[in-house]
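An overview of the molecular structure
Spelled out from the first residue to the last, the chains are:
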Amino acid sequence: MSTTRSTCGQWRSPENPRSSLLTATARASTYRRVPPSTRSSRKRVGRHCHAMKYGARRSPQAAPLASAQEHSHHGLVDPPDIRTSERRRRAASTLVTAPDRVATVLLMLSIVVSVAVLVEVFRPLVVVPLTLVLVAVTWKVVPSSLEPTRRAVAGTLTALGIVVAWFVVNVPFAARFVVVTRDPGFLTLEAFWLSRNESPDLPLTNSSDLLATIEGVKVASAAYSVNGDVLNVQGAKLLPGILAVGGWVGGDVGVLIGNLIVGGVALLAVYSFARRLVGPLWGLVPLFVLAASVPFAAFTRAAYTEPLTVALGFAGLTMAWSAVSARSLVQYAGAGALIGATALARVDGAAQVIGLVAALGTASACALLPMVRRPLARGLVAASAAALILVGLGFLDLAVHSPNYLSNLSGQVTMVARALAFTLVGAAVLNVPRVWSPLARVVFRSRRGLAWGAASVVVLLAVVLASRPLWMENHHTPAGSPYAQFLEEIQALEGLPLDGSRSYDEMSVNWLTWYFGPPMVILAFSGLAIATYRAIRRRDPRFLVFVGVVAAPSALYLWRVSITPDQVWAMRRFLPVTIPGFLVAATLAIVVLWGLAQHWARAVAVLGTVTVVVWPLVTWGNLFTVVEQDGRYGEARAVCDAVGGRPIAVVGSPLPYEATLLSICGTDAVAVASGAPETLARVRDAWGGQVSVVAFRGDALPWAGTVPPPLRTTTETTWERTLERLPDDALTSQSQVWVGHVQPDGSVVPAPAAP
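Only a predicted model underlies this, so the values are computations on that prediction, with no experimental measurement involved.

Further remarks concern the overall build of the protein chain. In terms of helices and strands, the protein chain carries 28 helices and twelve strands. Of all 755 residues assigned to the protein chain, the portion counted as buried reaches 54%. Considering only contacts within the protein chain whose residues lie at least 6 apart along the sequence, 75% involve residues at least 24 apart.

Following this line, the structure appears as structure tokens:
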């Protein structure tokens, strides 16, 4: 039943113009449910008019005192049921806002951690108080709260339940990635180090003498480089710093499971954005599918930077969506800060900033009315400034604590920086009203045709990208490089022609279909086309921001993945933006189909939903219970206990094990190419005696007697690596480690195992 507004602010029913607010509300509640917010607002209007009618605003002396019951009847005192309803509403609003709040807290923690690590004061007494202060100061800097309807509350509770269940299920299978074979190795070790030290740089005070005087001794390998008297670890420091905060709370276990907590925040961030786009219940679809997928589990069980990027990036999308709706300058700045903070975790985080600036700049330039254009232009300035500050902080972090890594990536960094500068200049030029106003009017008059044209371009690009395996074969891997040799090893295992130069870029869309199914990819491109159409036809900047932030990095990596193409490793390029963005876009397409209210459309929507939800569940094979590098952490701990704090020389190891021992044991550690007695004797003398040695072959050390049994025998498990099929099984290998103490003559005696 509808109502119309009458004199004295009263709402009256069309069927009975004389009916008051309460009568109309009662009748409406008989036939349909009225949202709590509507009922509350109507009651407030009714109380006001009731008081005006009956003279409730007269002074107390003009009328006798009434009982509390009478006051309640006349609307002067809220009865207990109304007060209880308000408390429930506030509790529901707090619950619905929780996913947005968690992401904002993560941003504050990220800023404090990055600055503390940069200036080498990373300790609890600095990080915790500063984070609490920033959270308190920015407590109201959150997206505009959603109406706490029953669906919103139910959706939020379900989302929180899914995230908690996902975390509990995955904790037993958290990786023990403590050997530097790939990125999670050095990121985990750096987190161990930071949990006990204020600076991310590892000192070489005692080891530098060995490097200068003894041939075959080294401390820098894989992701480590010597910089004066310290050892730099490659990459940004945000993720190791956040994992180290987990180490303060839970020790080494807190470090190992820390990225699962970050993954939970990422899931909530995706849901928080999706519910604004498709509703609180439909928004559960991308949340569940992402949580159930192989790539997301693989990159949250170990220390990968991608889940942190998902959390910050999609929280930024949510803030930007709200900022456009509320025309809030503070929220625009928050959106820029969240998306810019991705550069604190990954060097390519600035690509998302490019999408944000391009979208806001285009939306502002195409706005005709000053009341629309000015808030967008100011928002563009606020978002760009906040994003640039944090992007600059990310590059400063690399320049100070990982200069060699930044130098190695100078080409990529220069390209991203130029693209960002070009986008900023372009957005500024487009927002000169007197120059571009005629073009904006043309765009306005032609928006329907432009919308169809832009949507058609999205579909055409999808066809081109998906069809590339039929007509393209990319060769971007340098022949003869270690990467090419690695690819040839996998090709030999799979029975493929040996060609180490293959980069498999043309397979990018196919990889997405492996893990999420062809229906999801088709629906995702359809959803992006729909979002593009709505952005132009309805002149809605929110959809333009969504398309821009998702499309900028997705187009870059879908065309050229720029990573070793083995699975599941190569999916790192698509997890930060492409996978969650595609899942949200696919859900948008499903919702549009459902909204057509046609039998065929709803049948397709149901079939698409079921397929999208079920597909990731059947792609696991035997991998779900496989723990990456299982056994390696226990092995390293056994070595640390056996050496008893002595400096360590790792002899003839095929692995960069000195980094593992340096970070976990907290002692000096170097790699020695030869186990000759004279070499070990010189190492012992240079370190002043009391030196231990570690080897992975018993005959690599000059034992004083016969070769003793190994200190520990470990069975290690890893996920298999594939090129032209889904990985679905584990690889196992056996590792034996010997530990001894070097004698003055260079011979070695076995080290007893710690009790």
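Take the packing of helix H23 (residues 541-559) against helix H24 (residues 578-595) next. Where H23 meets H24, the closest approach of the two axes is 10 Å, and the angle between their N-to-C directions is 130 degrees. Relative to H24, H23 is oriented oblique. In this structure, the crossing between H23 and H24 has a hand that is left-handed. Every residue of H24 that contacts H23 at Phe543, Phe546, Val550, Ser554 and Leu558 is listed here: Thr578, Gly581, Phe582, Val584, Ala585 and Leu588. A class-by-class count of the residues in the contact of H23 with H24 yields eight nonpolar, three polar and no charged.

To continue, consider the side chain of Asn474. Here Asn474 shows up in the loop between helix H19 (447-471) and helix H20 (482-494). Not counting residues within four places of it along the chain, the set of residues in contact with Asn474 comprises Arg468, Ser501, Arg502, Ser503, Tyr504, Asp505 and Glu506.

Here the structure, examined in full by the defined rule, presents 20 salt bridges. Between Glu190 and Lys237 there is a salt bridge, with the nearest N and O atoms lying 3.0 Å from each other. With a gap of 47 residues between them, Glu190 in helix H7 (residues 183-194) and Lys237 in the loop between strand E6 (230-233) and helix H9 (238-278) connect regions that are remote in the sequence. With a relative accessible area of 2%, Lys237 lands in the buried category. For Arg346, the salt bridge is made with Glu306, and the minimal N-O distance between the two is 2.6 Å. Here Arg346 is found in the loop between helix H13 (329-340) and helix H14 (350-366), whereas its partner Glu306 is found in helix H12 (residues 306-326), with 40 residues between them in sequence. Residues joined by salt bridges that share partners form a network here, namely Asp183, Glu306, Arg346, Asp348 and Arg572.

All right, on to helix H6 (residues 150-170) then. Across its 21 residues, H6 extends 30 Å between first and last C-alpha, which sits within 8% of the 30 Å expected from 1.5 Å per residue. Those residues of H6 not exposed but buried are Ala152, Val153, Gly155, Thr156, Ala159, Val163, Trp166 and Asn170. One face of H6 carries all of its buried residues, which in axial projection span an arc of 170 degrees. Residues of H6 that are exposed and point over 90 degrees away from its buried face: Arg150, Val164 and Val168.

All right, on to the state of the cysteines then. Every disulfide links exactly two cysteines, by a covalent bond between their sulfur atoms. Applying the stated criterion across every chain, the model contains one disulfide. The partner cysteine of Cys640 in its disulfide is Cys665, sulfur to sulfur 1.8 Å. The sign of the S-S torsion, about -80 degrees, decides the handedness of the disulfide formed by Cys640 and Cys665: left-handed. Note that Cys640 is positioned in helix H26 (residues 632-643) and Cys665 in helix H27 (residues 657-665), a separation of 25 residues in sequence.

Our next topic: the environment of Val141. Here Val141 shows up in the loop between helix H5 (124-137) and H6. Measuring from C-alpha to C-alpha, the distance between Val141 and Gly334 comes to 7.1 Å, with 193 residues separating the pair along the chain. Residues contacting Val141, with those up to four places away along its chain left out, are Thr104, Met319 and Val330.

This part covers the sheet that holds strand E3 (residues 202-203). With respect to topology, three strands assemble into an open sheet ordered E3-E6-E5, the strand pairing being antiparallel. Every interior strand has two partners, whereas the edge strands, E3 and strand E5 (224-227), have only one. Here four bridges tie E5 to E6, and the two strands are oriented antiparallel to one another. Its bridge partner lying in E6, Val226 is registered against Leu231.

It is the contact of H14 with H23, at a shortest axis distance of 7 Å, that shows an interaxial angle of 150 degrees. By the angle class used here, H14 and H23 are roughly antiparallel. The element H14 and its partner H23 pack so that their crossing is right-handed. Seen from H14, the contacting residues are Ala351, Gln352, Gly355, Leu356, Ala359, Leu360, Thr362 and Ala363; seen from H23, they are Pro541, Leu544, Val545, Gly548, Val549, Ala552 and Pro553. Looking at the contact of H14 with H23 residue by residue, the class counts come to eleven nonpolar, four polar and no charged.

All right, on to unusual backbone geometry then. That bond from Gln567 to Val568 is cis: its omega, 10 degrees, falls within 30 degrees of zero. Looking at the secondary structure, you find Val568 in the loop between H23 and H24. Of note, Glu120 is a non-glycine position whose phi angle comes to about 60 degrees, a positive value. Secondary-structure assignment places Glu120 in the loop between helix H4 (80-118) and H5. The exposure class assigned to Glu120 is partly exposed, which follows from its relative accessible area of 36%. A positive phi angle is found at Arg327, which is not glycine, with a value near 55 degrees.

Here the focus is the pairing of strand E8 (residues 669-672). Residues Ala669 and Ala671 point to one face of E8 and Val670 and Val672 to the other, with burial holding for every one of them. In the sheet, strand E7 (residues 648-651) pairs with E8 via four bridges, with the strands oriented parallel. Bridging from a neighbouring strand, Val651 pairs with Val672 of E8. Following the chain from E7 across H27 to the adjacent parallel E8, one finds a crossover that is right-handed.

What follows covers the packing of aromatic side chains. What the rule picks out here adds up to 17 aromatic pairs. With 6.0 Å between their ring centres and 25 degrees between their planes, Phe192 and Tyr633 make a pair best called stacked. Here Phe192, found in helix H7, pairs with Tyr633, found in helix H26; they are 441 residues apart in sequence, far enough to count as distant. Of the two residues, Phe192 and Tyr633, both sit in the buried class. Ring geometry for Trp620 and Phe624: centres 4.9 Å apart, planes at 75 degrees, overall edge-to-face. By relative accessible area, which is 8% here, Trp620 ends up buried.

Okay, H7 next. When the terminal C-alpha atoms of H7 are compared, their 17 Å separation across twelve residues agrees well with the 16 Å that a helix rising 1.5 Å per residue should span. The buried fraction of H7 amounts to eleven of the twelve residues, a majority that puts the element mostly inside the structure. Of all the residues in H7, the buried ones are Pro184, Gly185, Phe186, Leu187, Thr188, Leu189, Glu190, Ala191, Phe192, Trp193 and Leu194.

With that settled, consider the side chain of Glu658. Tracing the sequence through the fold places Glu658 in helix H27. At 5.8 Å, Lys218 is the nearest oppositely charged side chain to Glu658, a buried residue that forms no salt bridge. Residues contacting Glu658, with those up to four places away along its chain left out, are Val219, Ser221, Val650, Ala669, Val670 and Ala671.

Definitions and limits used
- Residues numbered from 1 in each chain as written.
- Predicted model: local features only at pLDDT ≥ 70, side-chain atom pairs only at ≥ 80, totals over all residues.
- Heavy atoms only, no water.
- Helix = DSSP H or I, 4+ residues; strand = E, 2+ residues; numbered from the N terminus.
- Buried < 20%, exposed > 50% of the residue type's maximum accessible area, 1.4 Å probe, protein only.
- Contact = heavy atoms within 4.5 Å.
- Axes fitted to C-alpha atoms, helices over the stretch in contact; angles between N-to-C directions.
- Parallel < 35°, antiparallel > 145°, perpendicular 65-115°, else oblique.
- Left-handed = near helix turned anticlockwise from the far one by under 90°.
- Nonpolar A, V, L, I, M, F, W, Y, C, P; charged D, E, K, R; others polar.
- Salt bridge = Lys/Arg side-chain N within 4 Å of Asp/Glu carboxyl O.
- Expected span 1.5 Å × (residues − 1).
- Arc of directions from axis to C-beta.
- Disulfide = S-S within 2.5 Å.
- Pairing = 2+ DSSP bridges.
- Right-handed = clockwise from strand over helix to strand, strands pointing away.
- Phe/Tyr/Trp six-rings, centres within 6.5 Å; stacked < 30°, edge-to-face > 60°.
- Lys, Arg positive; Asp, Glu negative; His and termini not counted.

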